[in-house]
Amino acid sequence: TRIPINGIKLSGPLIPMRIRPQAGSASPVPILCRMLTEMRVNIAFMTSGDTQGRQPGLCCIDAGNYAEVAAAVHHNALLDASVTFDTEVGLLSFYPHQARMDLLVAALNALVEGNVAVHGFASSIAAVTFVVDYEHLDRSAALLGDCMALPSCPAAFRSDFKVIQA
């Protein structure tokens, strides 16, 4: 039985920043967020294990901001020791999840059975978002489409615009 949802949304290419706090050091999370704010770089996705920043986290930024952000990270000793960059990822969101565990299980099973690496996930009040390799983003959407019942216009959509801080 396919589970009904209203839609699937795909992001553009993003660069993941893995945050691994160093023992005995201040949390890199607030420092990183402050730096990105000052640079006017949007955070497309962010998870952190706790509010004190003692657990690993994941932050995704637009691929176009990579060089500028990487240079700034390398100029800060704490961030340079705590933040690593990885290859391009994309965000795959579906909605609404309506707190249905069977929907989350079906989505994870579809991605795992399709050999798609899931680098992170989060949920909001309405959507569930998975972080997957960008090169597999369209295939990931197709895998979810196979196990979920979409409305009459089932194509996953991409945003046609970007918000840039000025």
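Here is what the cut-offs are and how they apply
Residues numbered from 1 in each chain as written. Predicted model: local features only at pLDDT ≥ 70, side-chain atom pairs only at ≥ 80, totals over all residues. Heavy atoms only, no water. pLDDT = per-residue confidence, 0-100. Helix = DSSP H or I, 4+ residues; strand = E, 2+ residues; numbered from the N terminus. Buried < 20%, exposed > 50% of the residue type's maximum accessible area, 1.4 Å probe, protein only. Pairing = 2+ DSSP bridges. Core = buried A, V, L, I, M, F, W, Y, C linked by side-chain atoms within 4.5 Å. Contact = heavy atoms within 4.5 Å. Polar contact = N/O pair within 3.5 Å; in protein donor to acceptor, adjacent residues only side chain to side chain.

A. Region of the structure containing the confidence of the model for the protein chain. Summing up the model confidence of the protein chain, the mean pLDDT is 86 and the portion of residues at 70 or higher is 87%. Helix 2 (residues 66–74) holds the highest mean pLDDT among the elements of the protein chain, 97, whereas strand 11 (residues 157–158) holds the lowest, 52.

B. View of the pairing of strand 9 (residues 128–133). Of all 6 residues making up strand 9, 6 are buried, and the element is well covered by its neighbours. Of the pairings in the sheet, the one linking strand 7 (residues 89–95) to strand 9 comprises 6 bridges and is antiparallel in character. Across the sheet, L91 pairs through a bridge with V131, a residue of strand 9. Strand direction decides the pairing type here: strand 8 (residues 118–123) and strand 9, joined by 5 bridges, are antiparallel. Within strand 9, the position partnered with A122 by the bridge is T129.

C. Representation of the nonpolar core within the structure. Core analysis: the biggest nonpolar cluster contains 22 residues, and I8, L92, F94, L111, F130, L144 and M148 have the highest contact counts within it. By residue number, the principal contributor to this core is helix 4 (residues 101–113), which donates 6 residues. If sequence neighbours within four positions are ignored, L111 has contacts with L92, V116, V118, F130, S140, L143 and L144. Formed by 16 residues, the second largest nonpolar core is a distinct cluster that contains V29, L32, C59 and A70.

D. The arrangement of the side chain of T129 in detail. Following the sequence through the fold, T129 ends up in strand 9. Here T129 falls in the buried class, since its relative accessible area comes to 13%. Here S93 takes part through its side chain, which lies 2.7 Å from a polar atom of the side chain of T129. If sequence neighbours within four positions are ignored, T129 has contacts with F45, L91, L92, S93, G120, F121 and A122.

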